[in-house]
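# Topology and contacts: notes
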Amino acid sequence: MKKNSTTHSAQNVDEIVSNALTELMSTKTLDDLDQWRIRYLGRKGIVVQLKRSISDLPSAERPEFGQTINSASKELEAKLLNKQEEILASDSKKTAESIDVTLPGVPVNNGSLHPITQTIRDICDAFTTMGFEVIEGPEVELDYYNFQMLNIPKHHPARDGFNTLWIDQEDSNGEKPMLLRTHTSPMQIRTMENQEPPVRLIVPGKVYRYEATDSSHEWHFSQIEGLAVDKGITFANLKGTLYEFARKLFGEDVKVRFRCDYFPFVEPGAEMSIDWNSRTNQTGDANWIEILGAGMVHPKVLKAVGYDTDKYTGFAFGIGVERIAMLKHGIDDIRLFYNNDIRFLGQF
(Lines give C-alpha, C1' and ligand atoms only; values in the text may rest on other atoms or scores of the structure.)
Protein backbone atom coordinates (compact mmCIF):
# COMPACT_ATOMS: atom_id res chain seq x y z
CA MET A 1 0.00 0.00 0.00
CA LYS A 2 1.37 3.39 -0.99
CA LYS A 3 2.16 5.83 1.78
CA ASN A 4 0.56 9.26 1.78
CA SER A 5 2.91 11.97 0.58
CA THR A 6 2.02 14.20 3.53
CA THR A 7 3.98 11.84 5.81
CA HIS A 8 7.11 12.61 3.76
CA SER A 9 7.01 16.38 3.83
CA ALA A 10 9.98 18.60 4.63
CA GLN A 11 8.14 19.61 7.80
CA ASN A 12 8.17 16.00 9.03
CA VAL A 13 11.86 15.71 8.22
CA ASP A 14 12.56 18.88 10.20
CA GLU A 15 10.70 17.42 13.19
CA ILE A 16 12.75 14.22 12.98
CA VAL A 17 16.01 16.18 12.83
CA SER A 18 14.91 18.36 15.76
CA ASN A 19 14.06 15.30 17.87
CA ALA A 20 17.32 13.64 16.89
CA LEU A 21 19.40 16.68 17.90
CA THR A 22 17.56 16.94 21.21
CA GLU A 23 18.37 13.28 21.98
CA LEU A 24 21.95 13.79 20.83
CA MET A 25 22.49 16.61 23.32
CA SER A 26 21.47 14.33 26.20
CA THR A 27 23.96 11.56 25.35
CA LYS A 28 26.83 11.31 27.86
CA THR A 29 28.79 8.20 26.87
CA LEU A 30 30.11 6.61 23.71
CA ASP A 31 27.73 3.68 24.19
CA ASP A 32 24.76 6.06 24.28
CA LEU A 33 26.10 7.81 21.22
CA ASP A 34 26.40 4.54 19.33
CA GLN A 35 22.78 3.68 20.16
CA TRP A 36 21.72 7.09 18.84
CA ARG A 37 23.70 6.51 15.62
CA ILE A 38 22.02 3.14 15.07
CA ARG A 39 18.56 4.64 15.70
CA TYR A 40 18.92 7.47 13.19
CA LEU A 41 21.80 6.70 10.81
CA GLY A 42 22.12 2.92 10.94
CA ARG A 43 21.19 0.62 8.07
CA LYS A 44 17.71 0.25 9.52
CA GLY A 45 17.63 3.75 11.01
CA ILE A 46 15.00 6.44 10.54
CA VAL A 47 16.98 8.46 7.98
CA VAL A 48 17.72 5.42 5.82
CA GLN A 49 14.05 4.40 5.93
CA LEU A 50 13.06 7.88 4.75
CA LYS A 51 15.52 7.63 1.85
CA ARG A 52 14.01 4.29 0.84
CA SER A 53 10.52 5.76 0.93
CA ILE A 54 11.33 8.29 -1.80
CA SER A 55 10.23 5.79 -4.43
CA ASP A 56 6.72 5.84 -2.93
CA LEU A 57 6.31 9.55 -3.66
CA PRO A 58 4.92 11.08 -6.84
CA SER A 59 7.64 11.82 -9.35
CA ALA A 60 7.28 15.58 -8.98
CA GLU A 61 7.91 15.48 -5.21
CA ARG A 62 10.91 13.16 -5.22
CA PRO A 63 13.75 15.63 -6.04
CA GLU A 64 12.84 18.14 -3.35
CA PHE A 65 12.26 15.49 -0.72
CA GLY A 66 15.50 13.72 -1.63
CA GLN A 67 17.47 16.95 -1.18
CA THR A 68 15.82 17.53 2.18
CA ILE A 69 16.69 14.00 3.39
CA ASN A 70 20.31 14.27 2.18
CA SER A 71 20.75 17.62 3.94
CA ALA A 72 19.28 16.18 7.13
CA SER A 73 21.56 13.13 6.91
CA LYS A 74 24.70 15.27 6.47
CA GLU A 75 23.69 17.52 9.36
CA LEU A 76 23.14 14.58 11.71
CA GLU A 77 26.46 12.96 10.69
CA ALA A 78 28.32 16.20 11.37
CA LYS A 79 26.63 16.63 14.75
CA LEU A 80 27.49 12.98 15.55
CA LEU A 81 31.22 13.58 14.94
CA ASN A 82 31.17 16.77 17.02
CA LYS A 83 29.48 14.97 19.90
CA GLN A 84 31.94 12.09 19.68
CA GLU A 85 34.91 14.48 19.98
CA GLU A 86 33.21 16.23 22.90
CA ILE A 87 32.70 12.97 24.81
CA LEU A 88 36.25 11.77 24.11
CA ALA A 89 37.70 15.07 25.31
CA SER A 90 35.61 14.90 28.45
CA ASP A 91 36.70 11.31 29.16
CA SER A 92 40.37 12.23 28.67
CA LYS A 93 40.03 15.13 31.08
CA LYS A 94 38.42 12.91 33.70
CA THR A 95 41.20 10.32 33.27
CA ALA A 96 43.90 12.96 33.62
CA GLU A 97 42.25 14.41 36.69
CA SER A 98 42.01 10.95 38.27
CA ILE A 99 45.78 10.31 38.01
CA ASP A 100 47.79 11.17 41.09
CA VAL A 101 51.20 12.06 39.67
CA THR A 102 52.72 12.00 43.15
CA LEU A 103 52.22 8.23 43.45
CA PRO A 104 55.18 5.94 42.61
CA GLY A 105 55.16 4.45 39.13
CA VAL A 106 54.21 0.88 38.33
CA PRO A 107 57.38 -1.23 38.46
CA VAL A 108 58.43 -2.76 35.14
CA ASN A 109 59.17 -6.47 35.24
CA ASN A 110 62.29 -6.91 33.13
CA GLY A 111 62.57 -10.63 33.81
CA SER A 112 65.63 -12.34 35.26
CA LEU A 113 68.30 -14.87 34.45
CA HIS A 114 67.42 -18.56 34.38
CA PRO A 115 68.24 -20.17 37.77
CA ILE A 116 70.86 -22.41 36.15
CA THR A 117 72.52 -19.39 34.53
CA GLN A 118 72.50 -17.62 37.90
CA THR A 119 74.09 -20.63 39.57
CA ILE A 120 76.77 -20.94 36.89
CA ARG A 121 77.67 -17.29 37.41
CA ASP A 122 77.80 -17.73 41.20
CA ILE A 123 80.12 -20.75 40.87
CA CYS A 124 82.35 -19.01 38.32
CA ASP A 125 82.57 -15.93 40.53
CA ALA A 126 83.67 -18.11 43.46
CA PHE A 127 86.57 -19.59 41.48
CA THR A 128 87.64 -16.50 39.53
CA THR A 129 88.29 -14.75 42.84
CA MET A 130 90.78 -17.57 43.52
CA GLY A 131 92.63 -17.01 40.25
CA PHE A 132 90.84 -19.43 37.91
CA GLU A 133 90.14 -18.52 34.30
CA VAL A 134 86.74 -19.27 32.70
CA ILE A 135 86.88 -20.96 29.27
CA GLU A 136 84.37 -22.76 27.07
CA GLY A 137 84.53 -25.60 24.55
CA PRO A 138 82.52 -27.45 21.88
CA GLU A 139 79.47 -29.50 22.84
CA VAL A 140 80.05 -31.86 19.89
CA GLU A 141 83.33 -33.48 20.84
CA LEU A 142 85.79 -36.09 19.60
CA ASP A 143 86.12 -39.45 21.31
CA TYR A 144 89.84 -38.68 21.43
CA TYR A 145 89.33 -35.76 23.83
CA ASN A 146 86.20 -36.94 25.62
CA PHE A 147 87.56 -40.40 26.55
CA GLN A 148 90.92 -41.53 25.21
CA MET A 149 93.09 -38.66 26.43
CA LEU A 150 91.36 -38.83 29.82
CA ASN A 151 92.60 -42.37 30.48
CA ILE A 152 89.38 -43.99 29.21
CA PRO A 153 90.54 -45.93 26.12
CA LYS A 154 88.28 -47.83 23.76
CA HIS A 155 86.37 -50.72 25.38
CA HIS A 156 87.14 -49.37 28.85
CA PRO A 157 84.26 -50.40 31.19
CA ALA A 158 84.00 -46.85 32.56
CA ARG A 159 82.59 -45.74 29.21
CA ASP A 160 79.36 -47.59 29.98
CA GLY A 161 78.72 -45.29 32.92
CA PHE A 162 78.68 -42.24 30.68
CA ASN A 163 75.72 -43.45 28.52
CA THR A 164 77.10 -41.67 25.48
CA LEU A 165 75.09 -40.09 22.67
CA TRP A 166 77.17 -40.78 19.55
CA ILE A 167 77.00 -38.74 16.34
CA ASP A 168 75.83 -40.92 13.45
CA GLN A 169 78.97 -40.47 11.36
CA GLU A 170 81.60 -43.17 10.79
CA ASP A 171 85.28 -42.85 9.95
CA SER A 172 87.30 -45.01 7.55
CA ASN A 173 87.55 -47.73 10.22
CA GLY A 174 83.78 -47.97 10.58
CA GLU A 175 83.87 -46.33 14.04
CA LYS A 176 82.00 -43.29 15.29
CA PRO A 177 84.61 -40.71 16.35
CA MET A 178 82.24 -37.90 17.45
CA LEU A 179 79.73 -37.56 20.25
CA LEU A 180 77.78 -35.12 22.37
CA ARG A 181 80.24 -34.49 25.19
CA THR A 182 79.47 -36.37 28.39
CA HIS A 183 81.43 -33.92 30.57
CA THR A 184 83.35 -30.69 30.14
CA SER A 185 86.66 -32.42 31.00
CA PRO A 186 87.85 -32.54 27.35
CA MET A 187 88.81 -28.89 27.70
CA GLN A 188 91.46 -29.99 30.20
CA ILE A 189 93.26 -31.76 27.38
CA ARG A 190 92.65 -29.08 24.74
CA THR A 191 94.07 -26.43 27.07
CA MET A 192 97.08 -28.41 28.29
CA GLU A 193 98.01 -29.34 24.72
CA ASN A 194 98.47 -25.64 23.94
CA GLN A 195 99.58 -24.16 27.27
CA GLU A 196 102.51 -24.78 29.56
CA PRO A 197 101.89 -24.80 33.33
CA PRO A 198 100.76 -23.08 35.42
CA VAL A 199 97.14 -23.82 34.43
CA ARG A 200 94.08 -22.75 36.42
CA LEU A 201 90.75 -22.97 34.61
CA ILE A 202 87.08 -23.74 35.00
CA VAL A 203 84.88 -24.89 32.14
CA PRO A 204 81.10 -24.33 32.38
CA GLY A 205 78.84 -25.89 29.77
CA LYS A 206 76.08 -28.25 28.75
CA VAL A 207 76.73 -32.01 28.75
CA TYR A 208 74.67 -34.95 27.53
CA ARG A 209 73.95 -38.49 28.73
CA TYR A 210 71.68 -41.14 27.22
CA GLU A 211 69.56 -41.98 30.25
CA ALA A 212 65.99 -41.89 31.48
CA THR A 213 64.81 -38.71 33.20
CA ASP A 214 63.37 -38.58 36.68
CA SER A 215 63.36 -36.13 39.58
CA SER A 216 67.15 -36.34 39.96
CA HIS A 217 68.36 -37.22 36.42
CA GLU A 218 68.21 -35.41 33.09
CA TRP A 219 69.53 -36.43 29.67
CA HIS A 220 71.19 -33.00 29.44
CA PHE A 221 72.50 -30.88 32.26
CA SER A 222 75.19 -28.33 33.09
CA GLN A 223 78.61 -29.08 34.51
CA ILE A 224 81.59 -27.01 35.60
CA GLU A 225 84.97 -28.68 35.26
CA GLY A 226 87.96 -27.31 37.14
CA LEU A 227 91.69 -27.89 36.65
CA ALA A 228 94.85 -26.63 38.32
CA VAL A 229 98.35 -27.78 37.28
CA ASP A 230 101.62 -26.38 38.61
CA LYS A 231 104.73 -27.30 40.53
CA GLY A 232 104.12 -28.67 44.01
CA ILE A 233 100.31 -28.93 43.91
CA THR A 234 99.05 -31.42 46.50
CA PHE A 235 95.79 -32.88 47.71
CA ALA A 236 95.83 -30.26 50.45
CA ASN A 237 95.56 -27.57 47.76
CA LEU A 238 92.57 -29.40 46.31
CA LYS A 239 90.84 -29.59 49.69
CA GLY A 240 91.55 -25.97 50.52
CA THR A 241 90.27 -24.71 47.15
CA LEU A 242 87.03 -26.70 47.28
CA TYR A 243 86.42 -25.84 50.92
CA GLU A 244 86.71 -22.14 50.06
CA PHE A 245 84.28 -22.67 47.18
CA ALA A 246 81.75 -24.30 49.54
CA ARG A 247 82.05 -21.42 51.98
CA LYS A 248 81.44 -18.84 49.23
CA LEU A 249 78.33 -20.62 47.97
CA PHE A 250 76.80 -22.06 51.14
CA GLY A 251 78.05 -19.84 53.94
CA GLU A 252 81.06 -19.38 56.18
CA ASP A 253 79.97 -22.00 58.73
CA VAL A 254 79.39 -24.88 56.29
CA LYS A 255 81.17 -28.15 57.10
CA VAL A 256 82.65 -30.37 54.37
CA ARG A 257 84.07 -33.86 54.16
CA PHE A 258 86.01 -35.84 51.56
CA ARG A 259 85.62 -39.56 50.87
CA CYS A 260 87.43 -41.84 48.45
CA ASP A 261 85.85 -42.28 45.02
CA TYR A 262 86.95 -43.51 41.60
CA PHE A 263 87.30 -41.56 38.36
CA PRO A 264 89.56 -42.85 35.56
CA PHE A 265 91.31 -39.52 35.01
CA VAL A 266 92.30 -38.81 38.65
CA GLU A 267 94.30 -40.71 41.25
CA PRO A 268 93.47 -40.61 44.07
CA GLY A 269 89.83 -39.67 43.52
CA ALA A 270 87.38 -38.25 46.04
CA GLU A 271 83.87 -36.92 46.47
CA MET A 272 83.11 -33.84 48.54
CA SER A 273 79.97 -33.50 50.64
CA ILE A 274 78.61 -30.68 52.75
CA ASP A 275 76.75 -30.96 56.04
CA TRP A 276 73.43 -29.33 55.19
CA ASN A 277 72.55 -28.87 58.86
CA SER A 278 75.70 -26.84 59.47
CA ARG A 279 74.69 -24.49 56.66
CA THR A 280 71.28 -23.84 58.18
CA ASN A 281 72.52 -23.84 61.79
CA GLN A 282 70.46 -26.89 62.65
CA THR A 283 71.49 -29.16 65.50
CA GLY A 284 71.52 -32.94 65.57
CA ASP A 285 73.22 -35.51 63.39
CA ALA A 286 75.06 -34.34 60.30
CA ASN A 287 73.16 -34.41 57.01
CA TRP A 288 75.88 -35.06 54.42
CA ILE A 289 75.04 -34.29 50.78
CA GLU A 290 77.50 -34.92 47.96
CA ILE A 291 78.05 -31.89 45.71
CA LEU A 292 81.04 -32.78 43.49
CA GLY A 293 83.72 -35.26 42.48
CA ALA A 294 87.44 -34.47 42.42
CA GLY A 295 90.96 -35.82 42.64
CA MET A 296 94.61 -35.44 41.69
CA VAL A 297 95.11 -35.50 37.91
CA HIS A 298 96.24 -38.98 36.85
CA PRO A 299 99.91 -39.03 35.75
CA LYS A 300 98.87 -40.75 32.50
CA VAL A 301 96.74 -37.73 31.61
CA LEU A 302 99.62 -35.33 32.26
CA LYS A 303 102.06 -37.46 30.28
CA ALA A 304 99.61 -37.68 27.34
CA VAL A 305 99.79 -33.90 26.86
CA GLY A 306 103.56 -33.80 27.26
CA TYR A 307 103.80 -32.53 30.84
CA ASP A 308 106.75 -33.67 32.98
CA THR A 309 105.14 -35.60 35.85
CA ASP A 310 108.32 -35.35 37.91
CA LYS A 311 107.91 -31.58 37.86
CA TYR A 312 104.17 -30.93 37.66
CA THR A 313 101.12 -32.19 39.52
CA GLY A 314 97.54 -30.99 39.51
CA PHE A 315 94.00 -31.49 40.68
CA ALA A 316 90.65 -31.54 38.89
CA PHE A 317 87.01 -31.44 39.94
CA GLY A 318 83.57 -31.62 38.35
CA ILE A 319 80.46 -29.86 39.68
CA GLY A 320 76.88 -30.62 38.66
CA VAL A 321 75.27 -27.19 38.40
CA GLU A 322 71.68 -28.42 38.74
CA ARG A 323 72.52 -30.21 41.98
CA ILE A 324 73.94 -27.00 43.44
CA ALA A 325 70.89 -25.02 42.29
CA MET A 326 68.51 -27.59 43.76
CA LEU A 327 70.28 -27.41 47.12
CA LYS A 328 70.46 -23.61 47.22
CA HIS A 329 66.79 -23.11 46.31
CA GLY A 330 65.20 -26.17 47.92
CA ILE A 331 64.07 -27.72 44.61
CA ASP A 332 63.28 -31.44 44.59
CA ASP A 333 62.81 -32.10 40.86
CA ILE A 334 65.50 -31.33 38.28
CA ARG A 335 62.95 -31.40 35.45
CA LEU A 336 61.45 -28.12 36.67
CA PHE A 337 64.47 -26.25 35.31
CA TYR A 338 63.62 -27.20 31.71
CA ASN A 339 59.79 -27.29 31.64
CA ASN A 340 59.65 -23.55 30.81
CA ASP A 341 56.89 -23.04 33.37
CA ILE A 342 56.82 -19.32 34.09
CA ARG A 343 55.20 -19.98 37.47
CA PHE A 344 58.40 -21.74 38.49
CA LEU A 345 60.96 -19.58 36.68
CA GLY A 346 59.27 -16.39 37.88
CA GLN A 347 60.39 -17.15 41.43
CA PHE A 348 64.02 -16.35 40.62
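Okay, so let's go over this structure. Since the model is a prediction, treat every value here as computed from it, not as a measurement.

The next point concerns the overall build of the protein. Looking only at helices and strands, one finds 12 helices and 10 strands in the protein. For the protein, the C-alpha radius of gyration of 40 Å lies well beyond 20 Å, the compact-globule estimate for 348 residues. By its C-alpha atoms, the protein is 120 × 60 × 35 Å across when sized along the principal axes. Of all 348 residues assigned to the protein, the portion counted as buried reaches 40%. Residue pairs at least 24 apart in sequence account for 65% of intrachain contacts in the protein once pairs closer than 6 positions are excluded. Carbon and sulfur atoms form 49% of the exposed surface of the protein, whose accessible area is close to 19,900 Å². Seen as two clouds, the 39 positive and the 50 negative side-chain charges of the protein have centres 5 Å apart.

Most of strand β6 (residues 220-231) sits out of view: 11 of its 12 residues are buried. Both strand β5 (residues 199-208) and β6 contribute to a ladder of 10 bridges, which runs antiparallel. When the bridges of β6 are listed, V199 appears paired with V229. For β6 and strand β10 (residues 312-320), the ladder comprises nine bridges, and the chain directions are antiparallel. Its bridge partner being in β10, L227 is matched across the sheet by A316.

It is worth spelling out helix α7 (residues 186-194) at this point. Among all positions in α7, only P186, M187, Q188, I189, T191 and M192 are buried. Close packing links the buried residues of α7 with β2 (140-142), α6 (143-146), β5, β6, α10 (299-304) and β10.

Spatially, β2-β4-β3 is the arrangement adopted by the three strands of the open sheet, whose pairing is antiparallel. Of all the strands in the sheet, just β2 and β3 (165-166) have a single pairing partner and so form its edges.

Looking now at the sheet that holds β5. One open sheet accounts for seven strands, arranged β1-β5-β6-β10-β9-β8-β7; its pairing is mixed. The sheet is open, and its two edges are formed by β1 (133-134) and β7 (255-261), each paired on a single side. Of the strands in this sheet, β5, β6 and β10 are in contact with α7, which crosses β6 at around 35°. Where helix α8 (residues 235-250) meets the sheet, its contacts fall on β7, β8 (266-275), β9 (288-297) and β10, and the angle it forms with β9 comes to roughly 145°.

What the rule picks out here adds up to 14 salt bridges. The shortest N-O distance in the salt bridge between R39 and E23 comes to 3.6 Å. Remark: E23 occurs in helix α1 (residues 10-26) and R39 occurs in helix α2 (residues 30-41); sequence separation between them is 16 residues. Beyond isolated ion pairs, a larger network of salt bridges with shared partners links E244, R247, K248 and E252.

This next bit is on the packing of aromatic side chains. Applying the stated criterion across every chain yields a total of 17 aromatic pairs. An aromatic cluster of three or more residues is present, and its members are F127, F132, F245, F315 and F317. Above the plane of the ring of Y145 lies R190, whose end atom (NZ or CZ) is 4.2 Å from the centre. For the cation-ring pair, R247 lies above Y243, with the distance from its terminal atom to the ring centre recorded as 5.7 Å.

The rules behind the values
- Residues numbered from 1 in each chain as written.
- Predicted model: local features only at pLDDT ≥ 70, side-chain atom pairs only at ≥ 80, totals over all residues.
- Heavy atoms only, no water.
- Helix = DSSP H or I, 4+ residues; strand = E, 2+ residues; numbered from the N terminus.
- Rg over C-alpha atoms; globule rule 2.2 N^0.38 Å.
- Buried < 20%, exposed > 50% of the residue type's maximum accessible area, 1.4 Å probe, protein only.
- Contact = heavy atoms within 4.5 Å.
- Areas by Shrake-Rupley, 256 points an atom, 1.4 Å probe, with all protein chains shown as cover.
- Lys, Arg positive; Asp, Glu negative; His and termini not counted.
- Charge placed at Lys NZ, Arg CZ, Asp CG, Glu CD.
- Pairing = 2+ DSSP bridges.
- Axes fitted to C-alpha atoms, helices over the stretch in contact; angles between N-to-C directions.
- Salt bridge = Lys/Arg side-chain N within 4 Å of Asp/Glu carboxyl O.
- Phe/Tyr/Trp six-rings, centres within 6.5 Å; stacked < 30°, edge-to-face > 60°.
- Lys NZ or Arg CZ within 6 Å of the ring centre and 35° of its normal.

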